[in-house]
Amino acid sequence: MQFTLHPNVYNTSPSSKGLLHMLEQVWVRDREPGDGTNYIISGFSNYNGGVRFYEIFKQHIDNGGQCIAILGGSTSQRLSSIQVVEQLLEVGCKVYLINRKRILHAKCYGFSTNNEQGVVISSGNFTGPGMSQNIEASMLVKGSHVQELNFSWNDLINNMLSQNWSIYEPTLADRTHPAWQLLYDEIGTSVRLEDAQEVTMLLTLSHADTARIQAAPGTTAGKGTQYFWLSKDSYDFFPALTIRNERGHKATYSALINMNYVDLGIVDNECRVTFEAENNLDFRLGTGKLRYSRIARSGDLAAITRISEFDYELRVLPIGSNAYTELLPYAVNFIGHQGKRYGYISNEDFSNILTNS
DNA sequence: TGCACTGGGTCC
DNA sequence: GGACCCAGTGCA
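The notes below deal with the structure included here. (Residues numbered from 1 in each chain as written. Chains lettered and ligands numbered in written order. Predicted model: local features only at pLDDT ≥ 70, side-chain atom pairs only at ≥ 80, totals over all residues. Heavy atoms only, no water.)

### A short note on the protein's contact with DNA strand B
Next up, step 1: With respect to spatial proximity, 18 residues lie near DNA strand B, and among them T225, Y227, E246, N280 and R284 are the closest.
Next up, step 2: H249 places a polar side-chain atom, nitrogen or oxygen, 3.0 Å from a phosphate oxygen of DNA strand B.
Next up, step 3: Residue N279 places a side-chain N or O atom 2.9 Å away from a base nitrogen belonging to DNA strand B. (Near = heavy atom within 4 Å. Polar contact = N/O pair within 3.5 Å; in protein donor to acceptor, adjacent residues only side chain to side chain.)

Right, dumping it as structure tokens:
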């Protein structure tokens, strides 16, 4: 059994580092694709909540396995999105939506095979924030402890689906089915960002982030793509990563955002952030406009401000500057092995510090 | 010419 | 072996 409170607050064992890590245990590690059934029960869900696992589910289902998702749905609340349900259906999941005034609020995840079950009971929804920056408690029960509980995924699902609830089954074949009216659109222009998401990511830059920025035009050091490499916990800082790669054989998931390079006075309306789902799980922010600009050096702080769903601003705060000194303490997470740090600050606090330093 | 891809490296 | 780090290739 394992318990965790994320992000990075408390773990009962080194092998449980947050909800996402527990889900990797029950759906990826120690599992054979095609063996048994995977389960998702979550009141809220969005595309980035599942982006780590769509390829895993697809392989599992293509090899004869099953995947069942029971999600919240509503016409008046933003519970689950069109995008996550579409993607789950595309990879072959069975999706049920519970439309209820007193909403489905449980979050349970796991699997069952002929001889084994695993279950994660969590406060974390199947959403980007639930998987990364929200404070969520999760408990994983597996092996003989599941039998001690006398827990049965089969019974749980059967009992849920036999309740006298409004249960809808959306399908890709019938997009006019009322089930689709219970879902909200993550991509639409009417999307308004919640206050909690109006934050600035502070990220120290390492050699790999700045080598092409510092390169002289025409040299090999400038070849390839200019990226900032982000933490894998960045699911909730970007819009739905629904753009699949067109060429290549390893699945990637991207979103296009509008990036205002404040230092350069350039706005890039096709700034791409990519999650390398089948390569190395890299989270990369394309920052090509910075190439050759010399505007950032290794050790500098990048401030990426999310001002609306698709609009971002990028500033480089040079190491040693007043703003750097004031803001570095907010980059509380140490990641990688080159001393990279990142963290978040509210846009209001960020703006105040910028103007006063 | 620039960036979507590739596929390793390296440290813990 | 996970999670950033790195240095490109080759295609549009």
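The rest of the description comes next.
### Comments concerning the sheet that holds strand β3 (residues 37-42)
Next up, step 1: Ordered by their spatial adjacency, nine strands build an open sheet running β2-β1-β8-β7-β6-β3-β4-β5-β9, and the pairing between neighbours is mixed. In this open sheet, the two edge strands, each paired with only one partner strand, are β2 (10-11) and β9 (166-168).
Next up, step 2: As judged from the three bridges shared by strand β5 (residues 94-99) and β9, these two strands associate in the antiparallel manner. Across the sheet, the residue bridging to N99 is S166, located in β9.
Next up, step 3: Helix α7 (residues 153-161) contacts β3, β4 (66-73), β5, β6 (107-112), β7 (117-122) and β9 of the sheet and is inclined by roughly 50° relative to β3. (Pairing = 2+ DSSP bridges. Helix = DSSP H or I, 4+ residues; strand = E, 2+ residues; numbered from the N terminus. Contact = heavy atoms within 4.5 Å. Axes fitted to C-alpha atoms, helices over the stretch in contact; angles between N-to-C directions.)

### Side note on the protein's contact with DNA strand C
Next up, step 1: Near DNA strand C you find 20 residues, and of these H207, A208, K232, D282 and K340 are the closest.
Next up, step 2: Considering DNA strand C, the proportion of its atoms within 4 Å of the protein that are sugar or phosphate atoms stands at 57%.
Next up, step 3: Contact between DNA strand C and K340: a phosphate oxygen at 2.7 Å from a side-chain N or O atom of the residue.
Next up, step 4: For the surface near DNA strand C, the leading source of residues is helix α8 (residues 207-214), giving three residues.
Next up, step 5: Looking at side-chain class alone, the surface near DNA strand C contains four nonpolar, nine polar and seven charged residues. (Nonpolar A, V, L, I, M, F, W, Y, C, P; charged D, E, K, R; others polar.)

### Concerning the pattern of salt bridges
Next up, step 1: The final tally for this structure, using the stated rule, is 11 salt bridges.
Next up, step 2: One salt bridge connects R306 with E309, and the closest N-O pair in it is separated by 3.5 Å. Residues R306 and E309 agree in their burial class; the two are buried.
Next up, step 3: The partner of R315 in a salt bridge is E313, with the nearest N and O atoms 3.0 Å apart. Grouping residues by exposure puts R315 and E313 together as buried. (Salt bridge = Lys/Arg side-chain N within 4 Å of Asp/Glu carboxyl O. Buried < 20%, exposed > 50% of the residue type's maximum accessible area, 1.4 Å probe, protein only.)

### Observations regarding the layout of surface pockets
Next up, step 1: By volume, the largest pocket amounts to about 760 Å³.
Next up, step 2: Every residue lining the largest pocket is counted, 30 residues in all, and those nearest its centre are N46, T127, P129, E194 and Q197.
Next up, step 3: Its residues placed into classes, the lining of the largest pocket shows 14 nonpolar, nine polar and seven charged.
Next up, step 4: Each of domain 1 (2-182) and domain 2 (195-356) accounts for three or more of the residues forming the lining of the largest pocket.
Next up, step 5: In this structure, the second largest pocket occupies an estimated 560 Å³ of space.
Next up, step 6: Forming the walls of the second largest pocket are 23 residues, and the residues nearest its centre are N8, K17, S231, D233 and Y342.
Next up, step 7: Elements represented by at least two residues in the lining of the second largest pocket include exactly α1 (19-27), β18 (333-335) and β19 (340-346).
Next up, step 8: It is α1 that provides the largest number of residues to the lining of the second largest pocket, a total of four residues.
Next up, step 9: Counting contributing residues, the lining of the second largest pocket receives three or more from each of domain 1 (2-182) and domain 2 (195-356). (1 Å grid on protein atoms, 1.4 Å probe; cavity = no way out; pocket = protein on both sides within 12 Å on 5 of 7 lines; lining within 4 Å. Points joined across faces, edges and corners; volume = space filled by probe spheres on them. Domains from an automatic or database assignment.)

### Focus: the packing of aromatic side chains
Next up, step 1: Summed over the entire model, instances satisfying the criterion amount to 22 aromatic pairs.
Next up, step 2: Seen in terms of ring centroids, Y235 and F275 are 5.5 Å apart; in terms of plane orientation they differ by 65°. Their pairing is edge-to-face. Of this pair, Y235 sits in the loop between β11 (227-230) and β12 (243-244) while F275 sits in strand β14 (residues 266-275), and the two are 40 residues apart along the sequence.
Next up, step 3: A relative accessible area of 1% means that Y235 is categorised as buried.
Next up, step 4: In this structure F275 comes out as buried when scored by relative accessible area, which is 0%.
Next up, step 5: On the basis of an interplanar angle of 25° and a centroid distance of 6.1 Å, the ring pair of F238 and F283 is categorised as stacked. Taken together, the residues F238 in the loop between β11 and β12 and F283 in strand β15 (residues 283-286) connect sequence positions 45 residues apart.
Next up, step 6: A relative accessible area of 3% places F238 in the buried class.
Next up, step 7: Taken together, the ring pairs in this structure connect Y235, F237, F238, F275, F283, Y312, Y342 and Y344 into an aromatic cluster.
Next up, step 8: A cation over an aromatic ring shows up here: R291 above the ring of Y292, its NZ or CZ 5.9 Å from the ring centre. (Phe/Tyr/Trp six-rings, centres within 6.5 Å; stacked < 30°, edge-to-face > 60°. Lys NZ or Arg CZ within 6 Å of the ring centre and 35° of its normal.)

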